[in-house]
Structure formats: C-alpha cells, structure tokens
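# Architecture at a glance
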Amino acid sequence: MAYEKVPKAKSFLVTMLLVLALMAHKGSSFGVNWGTMATRQLPPEKVVQMLQENGFTKLKLFEADHKILDALVGTQIEVMLAIPNFMLQDMSIDTVAAISWVDANVSSYCYDGGVNIKYVAVGNEPFLKAYNGTYLKTTLPALKNIQEALNRFGLGSQVKVTVPFNADIYFSPDSDPVPSTGDFLPELKDHVIEIIQYLYTNEAPFTVNIYPFLSLYGNAYFPFEFAFFDGKSKPIRDGDLLYTNVFDANFDTLVWSLTKAGFPEMKIIVGEVGWPTDGVVNANIPNAKRFNQGMLKHALSGNGTPARKGMIDVYLFSLIDENAKSIAPGCFERHWGLFEFDGKPKYELDLSGSLQNKGLVAVEGVDYMSKRWCVLNPDAKDLYGLASSIDYACSLSDCTALGYGSSCNNLSLEGNASYAFNMYYQVNDQKIWTCDFSGLAVETDEDPSVGNCQFPVMIAYAPSLLQHRGLLHMLNPMILNFDGFAYLGLCNLKSHTAT
C-alpha cells in the first residue's frame with residue numbers, strides 16, 4: 001500500500017504544479033495602450049516585434065490603423081480596437097456605417113492566423129465632464145449598432161463590445177468619502193445603467209480608466225504616498241475593509257456603484273492606468289517606475305482589491321510618448337510612455353510583477369535624422385523679439401519639458417531659447433530655414449543637452465501626422481489665439497525668460 005501511495009502523491013504534486021504554472025502564465029497577462037498622436041511614427045512592424053520580445057500579451061488601440069493591424073497579423077497579442085468619439089454620431093444613426101466599419105476593421109482581420117481582436121471599444125470616455133454631454137445620446141445607439149454588426153458577421157460571441165469610461169462618472173459623497181458609499185453620478189446614472197445592462201446582456205465587460213496621478217495632480221492636499229502601492233500611506237477604513245492606496249479605493253467605489261445598480265459580478269477592465277515621466281511636478285521617472293511596477297505586482301498577484309478578489313485586468317498607459325497630444329489637461333499628457341518617442345525604454349520594469357530590475361527591450365533598428373540641432377545664435381546681439389520667438393516655436397512643437405518641475409526647467413533664458421528652437425527645427429525635418437528666427441538661431445552639430453535635459457534628434461520616418469492631419473490642428477490649438485508666452489504659461493514655466 002505504501003508503494004501505491006507514492007505515485008498518487010507524485011501525481012497530485014505534478015497536477016498542482018501544472019495548475020500553478022497555468023495560473024502563473026495567466027497571471028502574466030496584462031495590456032498596454034498604444035497611442036499614435038505623434039508627429040512621426042515608428043514603423044508598426046518594429047513596435048510589434050518589441051511588444052512580443054517584451055512579453056506584452058494585450059494591446060489597446062485608439063483607432064483602426066491598418067498599418068498597425070497588418071503588423072499584428074499572425075501574432076497572439078489580444079487586441080482591443082477602439083472607435084473614436086468623433087465617429088459615434090454616424091455609428092449611432094447609420095447601421096450601414098457600423099457594418100462597414102466592422103467589415104473593414106474587424107471581420108477582415110478575424111481569420112485563422114489573423115489578428116486576435118477580443119474587444120471593440122465604442123468611444124473613449126464619452127461621458128467625460130469636459131465634453132458637456134456631447135455623446136450622452138449617441139454612445140448607447142452606437143454600441144448597439146456595432147454589436148449588431150458583429151453579430152451579422154458571426155463575431156458576436158468572439159468579439160465583445162465595451163465602453164471605456166472615465167472614473168468621474170461615479171463618486172462618494174464628501175460627507176462620507178469611502179468606497180461603500182459610492183454610486184454613479186445622478187445626472188449620468190440612467191445613461192450609464194442602460195449601457196451596463198446592454199453590456200451585461202451581451203456578456204461584455206465594463207471598462208474604466210483610473211489615474212491616481214490625476215488625484216495627486218488635481219489636489220494639493222492629496223496624501224502623496226496614497227497614490228502608490230507599497231504600503232507607506234496611512235490606511236483608510238471602510239467598515240471592515242482597509243485601503244492603503246487610491247487605486248483600490250477608486251476601483252471599489254466602482255464595484256459598489258455596480259452592486260447598487262444590480263450588477264455585483266460585472267466584469268471590470270481597467271482600460272488605462274499609468275504615470276507620466278515629465279511635464280509637471282511629480283511626473284518623473286522614479287515616480288513612474290514606482291507606480292507602474294507596483295501596479296503590475298498588485299494586478300498580477302491575484303489578491304485583487306478589498307471588495308473584489310482575483311486578478312485585475314489592466315492596460316498600462318501608455319506604450320510610447322506622443323508629442324502631439326493636447327496639453328489642455330496638463331503638460332504631462334505627452335509623457336505617459338514606458339518608452340521614449342524613439343522606442344527606447346525610460347526605466348527598468350519587471351513585467352512579471354515580481355519586482356526584479358529587468359530591462360525592457362527597445363525597438364530595434366531605429367533610423368534618426370542627422371545629428372544636427374538648432375540653438376540660440378551666440379553671436380546674436382539684438383535679442384528683441386526673443387520671447388515671442390520662443391513662444392512661436394513652442395506653439396508649433398513640444399516644449400512641455402520646460403514646464404515647472406520638469407526635466408528642462410533649470411535652463412537659462414538662452415537654454416530655453418535653444419530648446420524651443422531645436423524642437424521646432426526637429427519637428428520640421430531639420431529644414432535649414434526653420435532654424436533662423438530672424439537671425440536668432442543657428443544650426444550646430446554639437447549636442448546641447450544638459451544633464452537630464454535632452455535635446456532630441458527626431459526619428460527619420462514618414463509619413464507623419466504633420467503631413468496627414470495638419471500640425472496647427474494637432475499640436476496646439478491655442479496658436480489661433482496667440483499671445484506672448486501663452487504656451488509656456490500653460491505649462492507653468494518658471495524660467496529666466498522674464499529677466
């Protein structure tokens with residue numbers, strides 16, 4: 001009998017090891033957002049290769065870019081493909097438009113060996129307060145038409161619809177600000193619950209974007225340590241539950257809101273979560289590494305949140321910096337990437353969540369423009385008009401690194417001018433006439449970078465958004481209301497420009 005027990009014990013042990021291995025493999029699954037609001041794009045095939053080499057298994061796209069979708073063909077990367085907000089009106093009233101979009105962007109890629117499209121995100125944060133109700137009446141009809149189009153192509157059970165919401169659609173009252181008092185905003189509640197009911201009927205998830213950084217950015221009294229996951233903050237008690245970080249508190253406020261709406265088991269996906277590395281105070285590499293590493297460890301641990309245990313399905317925001325994003329929310333908006341604009345990792349990040357200092361693999365074989373920069377002409381005598389030249393250059397490029405608390409905030413007046421001129425010069429393909437500014441600027445082959453303040457040389461890839469969508473529209477709409485130092489003032493620049 002003793003002889004027979006040994007194989008059974010071994011069998012049980014082997015079985016348990018297999019189960020744990022499968023759990024570990026499943027636990028390593030997480031996503032990342034790939035935004036493309038940049039003046040120049042890295043070749044999609046090179047980025048996809050980098051995704052695979054780093055072990056990214058899920059990807060969220062903000063629009064259907066066929067060059068990216070073509071590069072994903074044959075990979076096992078799970079894709080959430082989004083329909084931009086500006087298309088919601090047409091999708092809500094025109095079933096043919098919905099069918100055509102699904103045909104061109106989903107069914108055409110859903111074949112054996114094609115693209116592993118798992119979700120279609122209908123809009124992005126359509127109920128955001130800043131939109132003033134623009135998409136309240138179009139989101140659900142668009143959602144239904146896309147779902148019916150998926151059904152028409154036989155994809156309804158394979159590809160699920162969802163709507164990524166901002167966390168500002170739910171709240172806890174100021175009188176008792178704990179997760180268990182959470183509920184959807186009264187003015188949005190009926191609209192949100194209608195969408196939840198439709199998603200639930202179609203076995204589709206609720207998607208929410210949660211940004212602890214914005215909690216810190218928007219409130220001077222917010223406890224800094226509560227934004228992170230490593231237990232250095234004083235806990236907040238909610239009944240029998242303790243909260244040591246704002247992510248869990250925010251997530252569970254949603255859990256309670258769904259529970260009160262009658263959907264306690266609704267699947268939740270965190271569509272965006274991350275931390276920027278430049279542009280404002282607290283947006284830096286040490287904080288970004290601390291937050292994102294903590295987020296991955298937390299999400300993949302299986303511990304869940306106090307109110308909902310288990311793996312947390314997250315998509316980090318974002319993959320690569322986007323130098324053409326609107327800076328209306330803040331000058332950090334162009335610096336969310338795990339990777340620089342050229343595909344170089346900003347910091348070490350262990351994607352398994354085990355807190356090992358593992359380096360990320362960079363995009364390989366990147367081509368750059370010539371090693372030339374544009375700087376303030378040292379021989380310039382008359383500096384009249386320098387301030388307006390700096391502002392003009394920044395309004396048509398990206399000077400967010402000059403913002404207060406940012407990587408280039410310590411430059412002198414001359415340094416600010418050189419940085420602004422160079423960014424304008426690089427975004428305009430290093431054309432010689434873009435480095436003049438009435439004799440104030442001059443080209444150089446000596447790198448003017450200072451310490452952590454890098455003067456970049458742009459990547460040499462076209463076509464760019466500059467060509468396709470118009471730089472004035474893309475980079476900064478406030479140039480239409482130009483007033484000296486408008487751009488730099490928006491980024492709270494504390495520099496020597498006033499001296």
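The model shown is predicted, which means the values in this text are computed figures rather than measured ones. (Residues numbered from 1 in each chain as written. Predicted model: local features only at pLDDT ≥ 70, side-chain atom pairs only at ≥ 80, totals over all residues. Heavy atoms only, no water.)

### Structural notes on the overall build of the chain
Across its full length, the chain holds 14 helices and 15 strands. Buried residues in the chain amount to 54% of all 499 residues. For the chain, long-range pairs separated by at least 24 residues make up 72% of all intrachain contacts whose partners lie at least 6 apart in sequence. (Helix = DSSP H or I, 4+ residues; strand = E, 2+ residues; numbered from the N terminus. Buried < 20%, exposed > 50% of the residue type's maximum accessible area, 1.4 Å probe, protein only. Contact = heavy atoms within 4.5 Å.)

### So, the sheet that holds strand β12 (residues 268-273)
The strand order β5-β4-β3-β2-β1-β13-β12-β9-β6 describes an open sheet built from 9 strands, whose pairing is parallel. Two strands lie at the open edges of the sheet, namely β5 (160-162) and β6 (164-166), each paired on one side alone. Taken over all neighbouring pairs, the strand axes of this sheet differ in orientation by 25° on average, direction set aside. One ladder, built from 4 bridges, connects strand β1 (residues 31-34) with strand β2 (residues 58-61); its direction is parallel. Among the inter-strand pairings, Asn33 is bridged to a residue of β2, identified as Lys60. Running over the sheet, helix α9 (residues 246-260) touches β9 (206-209) and β12 and is turned about 145° from β12. (Pairing = 2+ DSSP bridges. Axes fitted to C-alpha atoms, helices over the stretch in contact; angles between N-to-C directions.)

### Describing helix α11 (residues 386-395)
Of all the 10 residues making up α11, 7 are buried; the element is thus mostly covered by neighbouring parts of the structure. Of the positions making up α11, those classed as buried are Leu386, Ser389, Ile390, Asp391, Ala393, Cys394 and Ser395.

### Regarding the packing of aromatic side chains
Here the structure, examined in full by the defined rule, presents 27 aromatic pairs. Measuring from centroid to centroid gives 5.2 Å for Tyr200 and Phe263, while their planes differ by 65°, and the two rings are edge-to-face. Residue Tyr200 is located in helix α7 (residues 189-201), and its partner Phe263 is located in the loop between α9 and β12; the two are separated by 63 residues in the primary sequence. What makes Tyr200 partly exposed here is its relative accessible area of 46%. (Phe/Tyr/Trp six-rings, centres within 6.5 Å; stacked < 30°, edge-to-face > 60°.)

### Concerning the state of the cysteines
Evaluated as defined, the whole model comprises 3 disulfides. With a sulfur-sulfur separation of 2.1 Å, Cys374 is cross-linked through a disulfide to Cys435. Judged by the torsion about the S-S bond (95°), the Cys374/Cys435 disulfide is right-handed. Of this pair, Cys374 sits in strand β14 (residues 373-376) while Cys435 sits in the loop between α12 (413-427) and β15 (441-444), and the two are 61 residues apart along the sequence. Like Cys435, Cys374 is buried. One disulfide in the model links Cys408 with Cys453; its S-S distance is 2.0 Å. Of note, the bridge from Cys408 to Cys453 carries an S-S torsion of about 100° and is right-handed in sense. With Cys408 in the loop between α11 and α12 and Cys453 in the loop between β15 and α13 (465-475), this pair connects stretches of sequence that are 45 residues apart. The residues Cys408 and Cys453 share a single accessibility class, namely buried. (Disulfide = S-S within 2.5 Å.)

### Let's talk about the side chain of Lys346
For Lys346, the location among the structural elements is in the loop between β13 (313-316) and β14. A distance of 2.7 Å separates the side chain of Lys346 from the side chain of Thr277, its partner in a polar contact. Here the side chain of Lys346 touches Gly337 through a polar contact of 3.0 Å, landing on its backbone oxygen. With residues up to four places along the chain from it excluded, the contact list for Lys346 reads Thr277, Ile285, Asp321, His335, Trp336, Gly337, Leu338, Phe339 and Glu340. (Polar contact = N/O pair within 3.5 Å; in protein donor to acceptor, adjacent residues only side chain to side chain.)

### Concerning the pairing of strand β3 (residues 78-83)
Taking burial as the measure, the 6 residues of β3 include 6 buried ones, the bulk of the element. Neither face of β3 is exposed, since Glu78, Met80 and Ala82 on one face and Val79, Leu81 and Ile83 on the opposite face are all buried. Two strands pair when backbone bridges link them, and β2 and β3 are joined in this way by 4 bridges, in the parallel orientation. Note that in β3 the partner of Lys58 across the bridge is Glu78. Inspection of the sheet shows β3 paired to strand β4 (residues 116-122) by 6 bridges, in the parallel sense. Bridging from a neighbouring strand, Met80 pairs with Tyr119 of β4.

### Remarks on the nonpolar core
Ranked by internal contacts, the top residues of the largest apolar core, which has 107 residues, are Trp34, Val106, Ile146, Phe206 and Leu319. Considering each element in turn, this core owes the most residues, 7 residues, to α9. If we skip the residues at most four places from it in the chain, Trp34 touches Pro44, Val47, Val48, Leu51, Leu59, Lys60, Leu61, Phe62, Ile68, Leu319 and Ile320. (Core = buried A, V, L, I, M, F, W, Y, C linked by side-chain atoms within 4.5 Å.)

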